[in-house]
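# Residue-level structure breakdown
Listed below are the residues making up each chain.
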Amino acid sequence: MKHSKLLARITSVALATALLTGLSACGNAASPVGASGTADKAASSATASVDASTAPAASTESAAASTSATPAGPKAGGEITVAVTTEPDHLDPFLATGADTRSILFNLFEGLVKPDKDGNLVPAVAAALPDVSADFLVYTFKVRDGILFHNGAPVTAADVVYSLETAKTAKIAGLDNIKALTAVDGATVKIELTKPDNDFLPYLTVAVVPKDYTAQNTKPVGTGPFAFESFTPQQSVVLVRNTAYWQKDLPYLDKLTFKIEADTNAVLLDLQAGTIDFAGVADESVAGQIAANYDIVQSNSNAVQQVNLNESFKPFADVRVRQALSYAIDPDEIIQTVNFGKGTRVGTPIIPLFRTYYDDTLATAYAKNIDKAKQLLADAGYATGLKFTITAPSNYKVHVDTAQVIVNQLAAIGVTAEIKLVDWPTWIEKVYLGREYEATIISVDGANLSPKSYLGRYVSSASGNFFNYNNKAFDDLYARADAETDTAKRVALFKEAQQLISTDAVNVFIQDIASQNALKKGFAGYTPYPLFVTDFSLIHQQ
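Bear in mind the structure is a predicted one, so any value in this text is a computation, not a measurement.

## So, the environment of K495
- One can find K495 in helix α15 (residues 487-503).
- Setting aside chain neighbours within four positions, we find K495 in contact with T356, Y357, Y358 and D359.

Here you go:
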């Protein structure tokens with residue numbers, strides 16, 4: 001018996017349930033993102049799951065068909081310039097970690113499936129959702145007829161097998177569960193798993209690339225709506241319309257330029273001069289300055305701003321010190337002072353929009369309590385105070401401003417925090433990859449809506465565990481949650497995992513940052529997604 005419809009129901013509801021309400025968000029946040037974050041590749045998985053008996057079926061339409069209707073008669077052609085404040089860390093989709101990078105690559109690459117604006121997984125390189133065996137161990141896909149890579153070569157089953165093997169070697173989350181990959185014929189792919197996995201289908205958003213193509217990091221080739229034209233370091237990434245794209249009439253734009261800005265001040269100058277067409281705007285006062293020439297649209301950051309505490313730094317190895325900081329740092333004051341009141345306080349790594357798994361009771365687990373914070377520090381042996389450095393990426397004003405507020409807040413408990421500003425490449429190299437820091441402020445996202453995307457990086461051995469959290473109790477709990485196939489029990493276990501992270505005060509969780517995006521008047525079609533991506537295939541001239 002085949003289960004493609006049942007599978008569709010499971011995966012789509014997981015996402016749809018999470019997206020019942022919309023929140024304002026920051027245009028620069030995610031994986032650690034700047035106002036966003038950089039996600040752990042080992043935690044780059046996908047959706048939640050709910051009881052299939054009550055789940056609406058996932059769409060089997062194209063991603064374009066499943067998005068909201070575009071205003072009548074969108075005008076084809078033209079070009080758009082988008083401001084970004086981080087340079088791509090890699091153009092190879094299997095190596096990229098930065099959220100801004102992933103947002104760019106979203107327009108270049110597609111997997112067998114891809115998310116739509118509502119978080120549903122819809123066929124992309126695949127012709128349809130897969131047939132799934134009764135034991136949920138074998139997934140069979142058909143490649144979409146006539147789909148081409150940007151270099152003009154047809155996509156085959158062999159390309160899909162190669163892509164998944166490459167992604168598995170790169171340790172992309174969830175793909176280590178693949179037991180065997182087979183190109184049954186030129187258009188049929190069979191994927192065999194070692195064990196059933198509720199989150200497996202969303203992992204297949206991983207890029208499909210040409211077999212044995214070795215220049216992905218310098219001249220990437222995929223199947224997405226835009227094709228690569230050029231990358232000039234510290235200046236721009238330029239994409240052009242994929243004239244052979246499989247979705248009829250898309251994209252509308254002929255050219256898409258990501259202008260690499262030095263920082264948010266440079267973005268503001270370009271907005272005031274009108275030399276860019278799209279940018280994230282974190283400061284409400286900026287929105288007022290540019291309102292005459294730009295429409296301000298809101299979307300979710302879908303990333304958690306947090307103070308990451310490196311437990312290899314001796315004071316932070318003591319849970320009492322971490323708890324003291326959590327009681328002293330006031331997220332509400334940060335939201336009001338830095339973000340003009342537009343942000344959602346959180347107390348967990350999971351974003352509020354992911355309603356199925358998000359534990360909202362943790363948002364106030366550490367209500368401001370100066371006396372308790374002082375007592376915890378004294379109990380830990382720091383009655384006379386503590387000194388440490390907060391490393392912040394200089395190109396993200398929201399994190400720099402947050403650090404300044406936190407310095408003042410911590411002074412109330414006798415803690416001296418100094419701010420060290422570094423550029424984004426240094427932050428990636430020294431902080432995220434090298435773990436050479438004491439504390440840092442960044443926003444962290446999930447590559448897809450899965451509890452594993454947000455919580456997997458807290459496993460002791462996870463490559464994205466850049467705060468060096470090491471707790472066997474958490475590792476065991478996470479493993480139990482991951483292995484659980486009963487939906488209600490799975491949700492309960494992942495919530496228990498969040499509660500343990502909170503009790504251990506692993507990091508100080510602040511907010512899902514609210515921001516706004518500026519789109520120059522004359523353009524339309526901006527469509528918020530439940531991930532840190534922008535689908536530029538839908539933007540068009542009016």
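Picking up after the structure, the text goes on.
## Overview of the packing of helix α14 (residues 472-483) against α15
- For the pair α14 and α15, interaxial distance at closest approach is 8 Å and the crossing angle is 160 degrees. With respect to each other, α14 and α15 are oriented roughly antiparallel. Where α14 crosses over α15, the two elements pack in a sense that is left-handed. Judged by residue contacts, A473, F474, L477, Y478, R480, A481 and D482 of α14 engage R490, L493, F494, E496, A497, L500 and I501 from α15.
- Tallied by class, the residues present in the contact of α14 with α15 amount to 10 nonpolar, no polar and 4 charged.

## Thoughts on the sheet that holds strand β7 (residues 188-193)
- The 4 strands are arranged β4-β5-β7-β6 in an open sheet whose pairing can be described as antiparallel. Each edge of the open sheet carries a strand with a single partner, namely β4 (131-132) and β6 (178-185).
- Two elements, β6 and β7, share 6 bridges in a ladder whose sense is antiparallel. Counterpart to T182 in the pairing with β7 is K190.

## Here we look at the nonpolar core
- By size, the foremost hydrophobic cluster in this structure holds 70 residues, and its most contacted members are I80, F141, L175, I191, F200, L204 and F258.
- Apart from the residues within four sequence positions on either side, F258 is in contact with V82, V84, I104, Q235, S236, V237, L239 and F536.
- Grouped together as the second largest cluster of nonpolar side chains are 40 residues, V422, W424, Y432 and I442 included.

## Overview of the pattern of salt bridges
- Per the counting criterion, the structure on display carries 14 salt bridges.
- Between D197 and K452 there is a salt bridge; the shortest N-O distance is 3.7 Å. Of the two residues, D197 is situated in the loop between β7 and α5 (200-203) and K452 in helix α13 (residues 451-455); the sequence distance between them amounts to 255 residues.
- Judged by its relative accessible area of 11%, D197 is buried.

## A look at empty space enclosed by the protein
- The full count for this structure, using the stated rule, is 5 cavities of 30 Å³ or more.
- As a volume, the second largest cavity reaches approximately 130 Å³.
- Around the second largest cavity, the lining comprises 15 residues; the ones closest to its centre are S326, G347, Y366, V508 and F509.
- Counting residues per element, the lining of the second largest cavity draws most heavily on strand β17 (residues 507-520), which supplies 3 residues.
- Residue classes in the lining of the second largest cavity are distributed as 10 nonpolar, 4 polar and 1 charged.

Criteria and thresholds
- Residue numbers run consecutively from 1 along every chain, following the written order of its sequence.
- The predicted nature of this model means local features are confined to residues of pLDDT at least 70 and side-chain atom pairs, given and counted, to a pLDDT of 80 or more, with totals for whole chains, interfaces and linings taken over all residues.
- Only hydrogens and water are set aside when side-chain values are computed; all heavy atoms of the structure are taken into account.
- Put simply, DSSP H or I for four residues or longer makes a helix, DSSP E for two residues or longer makes a strand, and each gets a number counted from the N terminus.
- Whether two residues are in contact is decided by their heavy atoms, any of which lying within 4.5 Å being enough.
- Here an angle of 0 to 180 degrees is reported between the N-to-C directions of two axes, which are lines fitted to C-alpha atoms, with helices fitted over the stretch in contact.
- Angles are sorted into four bins: roughly parallel if under 35 degrees, roughly antiparallel if over 145, roughly perpendicular if 65 to 115, and oblique for all others.
- Left-handed describes a crossing whose near helix is turned anticlockwise from the far helix through less than a right angle; right-handed describes the clockwise counterpart.
- Here the nonpolar group is Ala, Val, Leu, Ile, Met, Phe, Trp, Tyr, Cys and Pro; Asp, Glu, Lys and Arg are the charged ones; every other residue, Gly included, is treated as polar.
- Note on pairing: two strands pair once DSSP finds at least 2 bridges between them.
- Only buried residues count toward a nonpolar core, which is a set of Ala, Val, Leu, Ile, Met, Phe, Trp, Tyr and Cys residues joined through side-chain atoms within 4.5 Å.
- Burial here depends on accessible area, computed with a 1.4 Å probe over protein chains only, as a share of the maximum for the residue type. Under 20% is buried, over 50% is exposed, and the range in between is partly exposed.
- One speaks of a salt bridge when a side-chain nitrogen belonging to Lys or Arg is within 4 Å of a carboxyl oxygen belonging to Asp or Glu.
- Lining residues are those with an atom within 4 Å of a point, where the points come from a 1 Å grid over the protein atoms alone and group into cavities, where a 1.4 Å probe fits but cannot get out, or pockets, open sets with protein on both sides within 12 Å along at least five of seven lines.
- Grid points are joined across faces, edges and corners, and a volume is the space filled by probe spheres set on the points.

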